[in-house]
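# Examination of the molecular architecture
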Amino acid sequence: MTYIDPHIHMVSRTTDDYQRMAQAGCVAITEPAFWAGFDRSSAQGFYDYFRQLTQYEPSRAAQYGIKHFTWLCINPKEAEDPGFAREVMSIIPEFLDKPTVLGIGEIGLNKNSKNELIIFEEHLALAAEHNQLVLIHTPHLEDKLKGTKLIIDAVKNNQEIDPGRVLIDHVEEHTVGAVLDEGFWAGMTLYPDSKCTPQRAADIVEMWGTERIWMNSAGDWGPSDPLAVPKAQVEMRRRGHNQQTISKISFDNPKTFLGQCPKFVIDG
Ligand SMILES: [Zn+2]
């Protein structure tokens, strides 16, 4: 069945993964800027990363008929030094007009530190200034609930940001309600055997419905599964969900959210 994976880090994946994803029905992906598995030593390192995201990956994906879009930022893990973070952020505007850049992301919090929050708020201001969509990473495990609350408060404090143009990712059972209730979009990240599994994602959909929610693999350099979305489609089908519901979560909803950026154009 056709699907969109709206959050996957393909720079860490092999070309074989593109092929397998295409065969499983993937027609488009969006790749947020994130940690590369190591801390980059200069803003120039990010410049090259942004070139990779905006120039190289779209053509690698196109070989398999997959449309590749991206989001730019300095991720919270590398944003602990505000001076360095600002230097990286200063090179983002020149990339925002590139044809496949959808917005600012994945920004957010990692350890919920004060400096992370400052840089998060500055990214929100950058997004507002350039009228960009926003994709937000929430911390994992014990920091998630607190981090999600801090993030929601920070976004609401910026009067120029419309919650309907913000996707808060990595939601789980205890955070999805707050995200949806405040008018944001919610992303469920599927992990092979920890955190949100395809089974738990199906549970969340059964409890919270199908409005303003999507799922993604967040496949990266660590243990992750680039085929997590089609596997969750299979799990939902096994539970008796109809084609329309499955398609809404895995294709229609990401298309609607991402389509708020006129650059996001795909078939179907
Ligand atoms: Zn990610």
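Okay, so let's go over this structure.

Criteria and thresholds
Residues numbered from 1 in each chain as written. Predicted model: local features only at pLDDT ≥ 70, side-chain atom pairs only at ≥ 80, totals over all residues. Helix = DSSP H or I, 4+ residues; strand = E, 2+ residues; numbered from the N terminus. Rg over C-alpha atoms; globule rule 2.2 N^0.38 Å. Buried ≥ 20, exposed ≤ 12 C-beta atoms within 10 Å, placed from the backbone. Contact = placed C-beta atoms within 7 Å. Core = buried A, V, L, I, M, F, W, Y, C linked by C-beta atoms within 7 Å. Pairing = 2+ DSSP bridges. Right-handed = clockwise from strand over helix to strand, strands pointing away. Expected span 1.5 Å × (residues − 1). Arc of directions from axis to C-beta.

Before going further, it helps to spend a moment on the overall build of the chain. Assigned secondary structure in the chain consists of 9 helices and 8 strands. Compactness check: the chain gives a C-alpha radius of gyration of 17 Å against a globular reference of 18 Å for 268 residues, within 12% of the reference. Its C-alpha atoms give the chain principal-axis dimensions of about 50 × 40 × 35 Å. Relative to its full complement of 268 residues, the chain shows a buried share of 44%. In the chain, the share of contacts with a sequence separation of at least 24, taken over all contacts with a separation of at least 6, comes to 74%.

Counting 74 residues, the largest nonpolar core has Ile168, Leu190 and Ala201 as the members making the most contacts within it. Discounting residues that sit within four places of it in the chain, Ile168 has contacts with Ile136, Thr138, Ile151, Val179, Phe184, Ala186 and Gly187.

It is worth spelling out the pairing of strand S7 (residues 185–189) at this point. Working note: regular strand, side chains alternate between the two faces of the sheet. Along S7, 5 of the 5 residues are buried, which leaves the element largely enclosed by surrounding structure. Strand direction decides the pairing type here: strand S6 (residues 166–168) and S7, joined by 2 bridges, are parallel. Within S7, the position partnered with Ile168 by the bridge is Ala186. As for the winding sense of the linkage, the β-α-β connection from S6 through helix H6 (residues 176–181) to S7 is right-handed. In this structure, S7 lies alongside strand S8 (residues 213–216), joined through 4 bridges in parallel fashion. Residue pairing for S8: Met188 is matched across the bridge by Met215. A crossover connection joins S7 to the parallel S8 through helix H7 (residues 198–208); in handedness this β-α-β unit is right-handed.

Attention shifts here to helix H5 (residues 144–157). When the terminal C-alpha atoms of H5 are compared, their 20 Å separation across 14 residues agrees well with the 20 Å that a helix rising 1.5 Å per residue should span. Residues Gly147, Thr148, Ile151, Ile152 and Val155 constitute the buried set of H5. Down the axis of H5, the sector holding all buried residues measures 135°, keeping them to one side. For H5, the exposed residues set more than 90 degrees away from the buried face come down to Asp153 and Asn157.

The next subject is unusual backbone geometry. Residues Gly105 and Glu106 are joined by a peptide bond in cis, for which omega reads -10°. With respect to the helices and strands, the residue Glu106 is situated in strand S4 (residues 101–108). The phi torsion at Asn112 lies on the positive side, around 60°, for a residue other than glycine. With a phi close to 55°, Arg212 is a non-glycine residue in the positive phi region.

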